[in-house]
Amino acid sequence: MRIKKVTIQDMWSFGQGPVTLDLSQQLNVVIGKNNSGKSNIRRALEWFTEHADWFAPETGDYSQDPIDIHQVVNPEAKPGAKLELSVTFTPEEARSMLESTCRAPLPDGLLKSACDGFSQGIELAFDYRWSGRDDRKRKVRWSGQGPIDGVFNPKGLLLAPEVLPLWKQLKNDLRARIVERVSEGITILSGWRKLSDDKVEQLSEWKAPSTSDYDKLRDFERIQRLFQRATRLENATLFPMIQKTVSQKKALNIKWRGRYLPIESFGDGIRHLLLMAFEFARVSGHVFVVEEPETHLHPELQRHLMAIIKKDEDNQFIMTTHSPVLLDAGRAEAVYRVEYNGDESTVSRCNTTGDLYDVLDDLDVRASDLLQANMVIWVEGPTDRMFLKKCFELLRSDLVEKIDYQIVCYGGKLRSHVAFDEGNALVNLLALSRHVAMVCDSDKRTEQDDIDETKKRLEEECKNANGYYWITAGREIENYFPDSVLTSAFRELLSDDEFKVELGQYEKLDEVLLKLVEEPGHGNKWKVDYKNNKIKIMPAMLKHLTLDDLDRFDLRERLDTLVKRIEEANRVVCSEL
């Protein structure tokens, strides 16, 4: 089961204009200031788990009043308060509910049609209306009932009077199963959870189950693996213990580095992650609404947790937070910004980088607070950036630009105006990031040529700042392309199967091309004018570049070192996530 969307109107901090959130993605983040209304979105989802039984009766009117409605509904609400929840089910879930309800095989065509309807969404809605008098009316309703009606009354056939009661009962039974699945399929995890004795007792039972119940042992092993990954305590093992005394004292120890330590000795963050692992590892097809997952967690563990959750494609996650770190993790597929204007809460989806910047302004996150970006790689021009990005894709596809690193062009001619020296009056590159690398063309015409003085200065300053400085082994970064790649690229560009490129280590590509094609045919002039058309031609060259082509000169060694630097800057080894 997955939540498709939720709509809130005139309840909690939300006003008359209905607010609808599309929560259909695997990982959704709701972010905003304190008291902006984030928790009210969590409350709206929680309401359906606590009052799911309202939807079970055949009639939509429900007279009992198990909650004090005045706490959540605006008494001046016109036309009235409303909550709507749309959920979808996989074909397997729909088939299970249908077959267990009908207790008899359904025709394949009817079963497929019903399963398709369930996958498009079934809505549960709650209306609360004021009649103008002291009495109030509540109504619960279903929408999108096509899948249900189609099963029990296919193609709108008229039902015989003696069949009608059975049809109604089966329809209500199916509704009840759907409501039960919604209620059981959503788990609310608050930011302040405690390791209860019940959970310790469960872990103890699952660690050593009876021979007929190995599913519990598999649950325990999944929880332990997820706990190890989330905490990065790779060799830690869980040892729940129940003392055989009158008080039956329960404790959870962790074996780590040869010692048995109570979990309390590891701090609140480790217990926090264990409790999340306890929930996440045991179920699939589940919706987890996590309130403030950053509670007790260092930013490094927050990022690591987000990466682990992103890999859990079996479950859906909705997180409410006011931590910018969860945005920096770059994993969320949908980010919603919640604002409160003094009268009501509003919600908007963040679709652009500018929208995310607005969120950072809400949270009062400033560049001076963050000090610097994680890793910045300075290159001479845009084609150098394109080349490096392609190399990272071939070597480590899990590295993502703007998340794990950022490539910035400084312009080769501007080298004399930049510096890594804090005391230098020139532009200080360390002001943008303390984790830096710089890639420079050697510009050597022969192997014996010296590197110019500006590059030598930058190399020394970069090394003193613990940065990584890379001068190309050839004249320019284009010299890292093997002749076979260049030949394939220009044969395709020029539609000439006989064309052949041979580029020496210290030759310039644009000069070699102009010698090979002195009089280019119609429409081909720009294709051999590499100097003035680098950005257009480079993609054609990169298209033919493969992993095996990275062994030219010192390229593979340089890239491996640069990848290691990126990992160190992010303090997460990407291959372990």
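One structure accompanies this document, and this report is about it. (Residues numbered from 1 in each chain as written. Predicted model: local features only at pLDDT ≥ 70, side-chain atom pairs only at ≥ 80, totals over all residues. Heavy atoms only, no water.)

With that settled, consider the overall build of the chain. Looking only at helices and strands, the chain features 19 helices and 20 strands. For the chain, the proportion of its 577 residues judged to be buried stands at 48%. Long-range contacts, defined here as pairs at least 24 residues apart, represent 70% of the contacts in the chain between residues at least 6 apart. For the chain, the computed accessible surface area is about 28,900 Å², with 47% contributed by carbon and sulfur atoms. (Helix = DSSP H or I, 4+ residues; strand = E, 2+ residues; numbered from the N terminus. Buried < 20%, exposed > 50% of the residue type's maximum accessible area, 1.4 Å probe, protein only. Contact = heavy atoms within 4.5 Å. Areas by Shrake-Rupley, 256 points an atom, 1.4 Å probe, with all protein chains shown as cover.)

Before going further, it helps to spend a moment on the sheet that holds strand S19 (residues 436–440). The 4 strands are arranged S16-S15-S19-S20 in an open sheet whose pairing can be described as parallel. The strands lining the two open edges of the sheet, one partner per strand, are strand S16 (406–409) and strand S20 (468–471). For this sheet the average axis-to-axis angle between neighbouring strands, irrespective of direction, equals 20°. The pairing of S19 with S20 spans 4 bridges and is classified as parallel. In the strand pairing of S20, methionine 438 is matched with tyrosine 469. Against the sheet, helix H14 (residues 453–464) touches S19 and S20, its axis set at about 150° to S20. (Pairing = 2+ DSSP bridges. Axes fitted to C-alpha atoms, helices over the stretch in contact; angles between N-to-C directions.)

Counted under the stated rule, the structure contains 13 aromatic pairs. Between phenylalanine 239 and tyrosine 260, the aromatic rings sit 5.2 Å apart at their centres with planes inclined by 75°, giving edge-to-face as the arrangement. Separated by 21 residues along the polypeptide, phenylalanine 239 in strand S8 (residues 237–242) and tyrosine 260 in strand S10 (residues 259–262) bring together distant segments of the chain. For tyrosine 260, a relative accessible area of 48% translates into the label partly exposed. Each ring, one from phenylalanine 392 and one from tyrosine 405, has its centre 4.9 Å from the other, and the planes form 65°; the classification is edge-to-face. Placement of phenylalanine 392 in helix H13 (residues 382–395) and of tyrosine 405 in the loop between H13 and S16 is noted, with a sequence separation of 13 residues between them. (Phe/Tyr/Trp six-rings, centres within 6.5 Å; stacked < 30°, edge-to-face > 60°.)

Read across the open sheet, the 3 strands follow the order S8-S9-S10; overall the sheet is antiparallel. Each edge of the sheet is formed by a strand with only one pairing partner; in this case those strands are S8 and S10. Strand-to-strand, the axes of this sheet are offset by a mean angle of 35°, without reference to chain direction. As paired strands, strand S9 (residues 250–256) and S10 are joined by 4 bridges and run antiparallel to one another. Its bridge partner lying in S10, tryptophan 256 is registered against arginine 259. On top of the sheet, helix H6 (residues 197–207) reaches S8 and S9; it is set at about 110° to S8, its chief contact.

Next up on the list: helix H15 (residues 483–494). The first and last C-alpha atoms of H15 sit 16 Å apart over 12 residues, in line with the 16 Å expected at 1.5 Å per residue. Residues Val485, Leu486, Thr487, Ala489, Phe490, Leu493 and Leu494 constitute the buried set of H15. Those residues of H15 that are buried are in contact with helix H16 (509–516), helix H17 (525–528) and helix H18 (534–542). Remark: serine 495 follows H15 within two positions and exhibits a positive phi of approximately 55°. (Expected span 1.5 Å × (residues − 1).)

In this section: unusual backbone geometry. Across the chain, the bulk of peptide bonds are trans and the bulk of non-glycine residues have phi less than zero. One non-glycine residue with positive phi stands out, namely tryptophan 12, at about 55°. Structurally, tryptophan 12 can be placed in the loop between strand S1 (2–9) and strand S2 (19–22). Given the relative accessible area of 22%, tryptophan 12 is considered partly exposed. Even without being glycine, arginine 232 reaches a positive phi, approximately 65°. Secondary-structure assignment places arginine 232 in the loop between helix H7 (214–231) and S8. Residue arginine 232 is classed as partly exposed on the basis of its relative accessible area of 26%.

In this fold, glutamine 16 is placed in the loop between S1 and S2. Judged by relative accessible area, which is 45%, glutamine 16 ranks as partly exposed. Sequence spacing of glutamine 16 and glutamate 344 is 328 residues, and the spatial spacing of their C-alpha atoms is 9.0 Å.

Two faces belong to every sheet, and in a regular strand the side chains alternate between them. Pairing between S1 and strand S4 (residues 81–88): 7 bridges, direction antiparallel. Considered in S4, the bridge of lysine 5 is made with serine 86. Here S1 runs beside S2; their pairing, made up of 4 bridges, is antiparallel. If you follow isoleucine 8 over to S2, its bridge partner there is valine 19.

It is worth spelling out the side chain of threonine 383 at this point. For threonine 383, the position within the fold is in helix H13. When near neighbours in sequence (up to four residues on either side) are disregarded, threonine 383 contacts Glu478, Lys534, Ile535 and Met538.

In contact at an axis separation of 8 Å, H7 and helix H9 (residues 299–311) are set at 140° when each is read in the N-to-C sense. In terms of orientation, H7 and H9 fall into the oblique class. Packed against H7, whose contacting residues are Leu226, Arg229, Ala230 and Thr231, the element H9 presents Leu301, His304, Ile308 and Lys311 at the interface. The residue inventory of the contact of H7 with H9, partitioned by class, reads 4 nonpolar, 2 polar and 2 charged. (Parallel < 35°, antiparallel > 145°, perpendicular 65-115°, else oblique. Nonpolar A, V, L, I, M, F, W, Y, C, P; charged D, E, K, R; others polar.)

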